[in-house]
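Tertiary structure, described
So you can see what is in the structure, the chains are spelled out below.
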Amino acid sequence: MSSRDETIVVIDFGSQYAQLIARRVREQKVYARILPCTASIDDVRKLNPIGIILSGGPANVYGENAPVCDKAVFELDVPVLGICYGAQFMCQSLGGKVHKAESREFGHADISTMGKSLLFEGLSLEMPVWMSHGDQIENLPKGFHTYAKTDTCPHAAIANESKGFYGVQFHPEVAHTPRGKEIIRNFLYNIVGAKGDWEMSSFVDETIKAVRDRVGDDTVVLGLSGGVDSSVVAVLLNRAIGKQLHCIFVDNGVLRKGEFERVVNGYRRDFDLNLIPIQAGKRFLDKLAGVTDPEKKRKIIGHEFIDIFEEEAKKIERVKYLAQGTLYPDVIESVAAHGGPTAVIKSHHNVGGLPEKLGLELVEPLRELFKDEVRALGQELGMPDSLVWRHPFPGPGLAVRIVGEVTPERVKVLQEADDVVMQEIHSSGLYRKVWQAFAVLLPIESVGVMGDERTYENTVALRVVESLDGMTADWTRMPYEVMGKISNRIINEVRGVNRVVYDISSKPPSTIEWE
């Protein structure tokens with residue numbers, strides 16, 4: 001059986017959590033796809049879903065421009081779970097009523113379950129959950145009953161069990177709802193009747209076949225960065241089409257210390273890749289001169305990559321495709337999720353398509369995978385842990401870790417500081433325990449004293465975070481001795497730095513990267 005024979009469709013009403021819902025479903029070995037609420041019912045039917053999940057969203061269901069989906073989703077004869085806005089939309093669509101709550105609920109709340117429901121099977125009568133709503137259900141549609149409440153929300157969970165329609169006012173997909181995974185699992189297995197056939201080995205086989213069928217005898221060009229995503233794409237495509245894959249690795253002038261040599265030597269040796277190394281550091285740095293706006297930096301680097309790909313592609317015969325390591329979070333943060341109403345957070349250089357002048361079609365085999373799934377894919381492909389578990393590194397490289405203008409001198413300072421951070425995080429045994437660790441060069445100079453002389457030099461910020469998927473993150477409570485050693489080494493070994501600070505902000509409201 002194909003892993004795609006069981007699909008849950010997540011309909012996105014503009015929630016930043018829509019991707020988390022899909023991820024939680026996949027964790028239960030059931031494949032999930034996100035569609036915007038603007039998708040037609042035919043788009044939904046084409047995926048032949050075994051169940052539907054309606055996401056939350058920032059709007060009011062009774063608002064003039066409230067996002068809606070085709071109400072025919074309730075006529076597909078499959079179970080439906082509505083979450084927050086999705087529950088309210090379900091209620092209103094089926095004849096119930098939603099109104100503004102007298103007491104809003106944002107954050108922790110305790111629900112009391114009522115009666116027996118398949119959704120709460122095996123769970124406690126009282127449970128902590130995460131709420132985020134200013135509206136609530138007032139009157140239930142015909143055939144629905146209440147299965148949970150809070151002190152201020154009389155309908156925290158509702159259902160018409162004979163129809164397979166369930167709604168929860170809280171968010172089971174977030175970590176702040178401790179039993180949320182079990183609630184989602186109950187929906188998938190107790191209510192939908194999923195078998196759980198979503199396996200990474202199946203994904204490998206399906207993707208290899210799909211790539212071969214699509215590419216045929218043509219050639220694919222891949223922008224290899226040395227990071228987890230592009231490396232997994234390279235190994236996967238190499239297994240699918242071999243020497244038809246040409247990997248272009250560009251030194252953009254803002255790589256980590258020694259990165260260019262490590263990638264060129266290591267990937268040729270370990271993976272037998274068709275690798276084309278290009279040293280273009282000066283070309284990028286010249287374009288970045290005087291630029292301080294982070295979005296402009298990203299776009300300059302992205303456009304320059306495209307220009308280089310175009311130049312190199314012309315030298316290779318039968319090039320028709322450009323492969324990229326685009327992930328689901330990249331897509332979600334760069335554009336409104338799958339055409340839905342989600343807000344744009346920032347742009348990514350590898351999302352949004354290529355100019356028509358390039359004349360290449362995109363191959364993005366990881367486009368619907370989350371970071372942890374990419375790592376699992378790398379392990380399935382037999383890649384070494386040193387690559388599979390490498391920390392995420394931004395496409396624009398150190399350019400977005402240098403706040404302010406990017407100059408050769410500032411790149412050199414950050415490369416040296418970053419190298420110290422990497423050495424100490426590895427030697428302390430923290431590398432596999434944290435999501436990301438790096439240094440940021442700030443546009444701040446401060447007074448210091450070295451020896452008997454007064455200095456006025458740069459400040460470096462140390463950023464270390466813990467996360468599951470990069471969508472949310474918390475700052476790591478680093479051992480003081482490790483922070484002290486990193487700070488001491490940077491100040492003593494990196495010329496031009498006399499102060500190191502530690503970033504203790506979480507995502508949200510901050511982002512992991514500074515730019």
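Further up the page is the structure itself.
The structure presented is a predicted model; accordingly, all values stated were derived computationally and were not measured. (Residues numbered from 1 in each chain as written. Predicted model: local features only at pLDDT ≥ 70, side-chain atom pairs only at ≥ 80, totals over all residues. Heavy atoms only, no water.)

What follows concerns the pattern of salt bridges. The full count for this structure, using the stated rule, is 33 salt bridges. Measuring nitrogen to oxygen at the nearest pair gives 3.9 Å for the salt bridge that ties Glu 27 to Lys 181. In this pair, Glu 27 is assigned in helix α1 (residues 18-27) and Lys 181 in helix α4 (residues 180-192), connecting sequence segments 154 residues apart. According to the relative accessible area criterion, Glu 27 is partly exposed, its value standing at 30%. According to the relative accessible area criterion, Lys 181 is partly exposed, its value standing at 43%. Notably, a salt bridge pairs Arg 477 with Asp 474, separated by 3.0 Å at the nearest N-O pair. (Salt bridge = Lys/Arg side-chain N within 4 Å of Asp/Glu carboxyl O. Helix = DSSP H or I, 4+ residues; strand = E, 2+ residues; numbered from the N terminus. Buried < 20%, exposed > 50% of the residue type's maximum accessible area, 1.4 Å probe, protein only.)

Moving on: helix α5 (residues 200-215). End to end, α5 covers 22 Å across 16 residues, agreeing with the expected 22 Å (1.5 Å per residue, within 8%). Among all positions in α5, only Met 200, Ser 202, Phe 203, Val 204, Thr 207, Ile 208, Val 211 and Val 215 are buried. Gly 216 sits one or two positions beyond α5 and adopts a positive phi of about 60°. (Expected span 1.5 Å × (residues − 1).)

The topology assignment puts Thr 177 in the loop between β9 (165-168) and α4. Owing to a relative accessible area of 3%, Thr 177 belongs among the buried residues under this scheme. Leave out the neighbours within four places in its chain, and Thr 177 touches Pro 128, Val 129, Trp 130, Phe 170, His 171 and Pro 172. (Contact = heavy atoms within 4.5 Å.)

In spatial order, the strands read β2-β1-β3-β4-β9-β8-β7-β5-β6; together these nine strands make up an open sheet with mixed pairing. Either end of the sheet is taken by a strand with one partner, and the two such strands are β2 (31-36) and β6 (126-139). When strand polarity is set aside, the average angle formed by the axes of neighbouring strands in this sheet is 20°. Where strand β1 (residues 7-12) lies against strand β3 (residues 51-54), four bridges are found, and the strand directions are parallel. Note that in β3 the partner of Ile 8 across the bridge is Gly 51. (Pairing = 2+ DSSP bridges. Axes fitted to C-alpha atoms, helices over the stretch in contact; angles between N-to-C directions.)

Alternating residues of β9 divide into Phe 165 and Gly 167 and Tyr 166 and Val 168, and every residue in both groups is buried. Where strand β8 (residues 157-160) meets β9, four bridges bridge the pair, whose relative direction is antiparallel. Bridged to Ala 157 within β9 is Val 168. Where β8 folds back onto β9 in an antiparallel hairpin, the turn is made up of four residues, including Gly 164, whose phi is positive at roughly 80°.

Taken together, five strands build an open sheet; the order of strands is β12-β11-β10-β13-β14 and the sheet is parallel. Lying at the two open borders of the sheet, with one neighbouring strand each, are β12 (275-279) and β14 (361-363). The mean inter-strand angle of the sheet, taken between neighbouring strand axes irrespective of direction, is 30°. As paired elements, strand β13 (residues 319-323) and β14 share three bridges and run parallel to each other. Bridging across to β14, Leu 322 finds its partner in Leu 362. Strand contacts of helix α6 (residues 228-241): β10 (219-223), β11 (245-251) and β13, with the helix running at about 165° to β10, the strand carrying the most contacts. With respect to the sheet, helix α9 (residues 294-313) is in contact with β10, β11, β12 and β13, its orientation differing from that of β11 by roughly 135°.

This part is about the packing of aromatic side chains. The final tally for this structure, using the stated rule, is ten aromatic pairs. An angle of 15° between the planes, with centres 5.3 Å apart, marks the rings of Phe 249 and Phe 260 as stacked. Of this pair, Phe 249 sits in strand β11 while Phe 260 sits in helix α7 (residues 259-271), placing them eleven residues apart in sequence. Among the aromatic side chains, those forming a connected cluster through ring pairs are Phe 13, Phe 74, Tyr 85, Phe 89 and Phe 165. Just above the ring of Tyr 189 sits the side chain of Arg 185; from NZ or CZ to the centre is 4.4 Å. (Phe/Tyr/Trp six-rings, centres within 6.5 Å; stacked < 30°, edge-to-face > 60°. Lys NZ or Arg CZ within 6 Å of the ring centre and 35° of its normal.)

Attention shifts here to empty space enclosed by the protein. Taken as a whole and judged by the stated rule, the model has one cavity of 30 Å³ or more. Considering only enclosed or pocket space, the largest cavity measures out at about 40 Å³ in volume. Taken together, Ile 11, Leu 35, Pro 36, Cys 37, Ala 39, Val 44, Cys 69, Asp 70 and Val 73 make up the full set of residues lining the largest cavity. Grouping the constituent residues of the lining of the largest cavity by class yields eight nonpolar, no polar and one charged. (1 Å grid on protein atoms, 1.4 Å probe; cavity = no way out; pocket = protein on both sides within 12 Å on 5 of 7 lines; lining within 4 Å. Points joined across faces, edges and corners; volume = space filled by probe spheres on them. Nonpolar A, V, L, I, M, F, W, Y, C, P; charged D, E, K, R; others polar.)

Another point: the nonpolar core. Within soluble globular proteins, side chains that are nonpolar tend to cluster in buried spots. In this structure, Val 250, Val 406, Val 421, Ile 425, Met 478, Ile 486 and Ile 490 are the most contacted members of the largest nonpolar core, which totals 47 residues. When residues in this core are grouped by element, the largest group, eight residues, is from helix α13 (residues 408-427). Residues within four places of Met 478 in sequence aside, it is in contact with Ile 425, Leu 430, Leu 462, Val 464, Met 483, Ile 486 and Tyr 502. Listed in part, the 43 residues of the second largest apolar core include Ile 208, Val 215, Val 263 and Leu 377. (Core = buried A, V, L, I, M, F, W, Y, C linked by side-chain atoms within 4.5 Å.)

We now examine unusual backbone geometry. Residue Pro 508 is reached from Lys 507 by a cis peptide bond, and omega for that bond is -15°. Here Pro 508 shows up in the segment after β18 (497-502). With an omega of 10°, the peptide bond between Pro 508 and Pro 509 qualifies as cis. Residue position: Pro 509 is located in the segment after β18. Positive phi is not limited to glycine here, since Lys 29 has a value of about 65°. Here Lys 29 shows up in the loop between α1 and β2.

Turning our eyes to something else, we now look at the packing of α5 against α6. One can describe the packing of α5 onto α6 by two numbers: an axis separation of 9 Å at closest approach and a directional angle of 60°. In terms of orientation, α5 lies oblique with respect to α6. By crossing handedness, the relation of α5 to α6 is classed as right-handed. Here Val 204, Thr 207, Ile 208, Val 211, Arg 212 and Val 215 of α5 lie close against α6, whose contacting residues are Leu 236, Leu 237, Arg 239, Ala 240 and Ile 241. Classifying every residue of the contact of α5 with α6 by side-chain character gives eight nonpolar, one polar and two charged. (Parallel < 35°, antiparallel > 145°, perpendicular 65-115°, else oblique. Left-handed = near helix turned anticlockwise from the far one by under 90°.)

A separate point is α9. With 20 residues, α9 should cover 28 Å at 1.5 Å per step; its first-to-last C-alpha distance of 28 Å lies within 8% of that length. Of the surrounding secondary structure, the elements contacted by the buried residues of α9 are β10, β11, β12, α8 (281-288) and β13. Measuring from the backbone nitrogen of Glu 295 back to the side-chain oxygen at the start of α9 gives 3.1 Å, which picks out Asp 293 as the cap. (Polar contact = N/O pair within 3.5 Å; in protein donor to acceptor, adjacent residues only side chain to side chain.)

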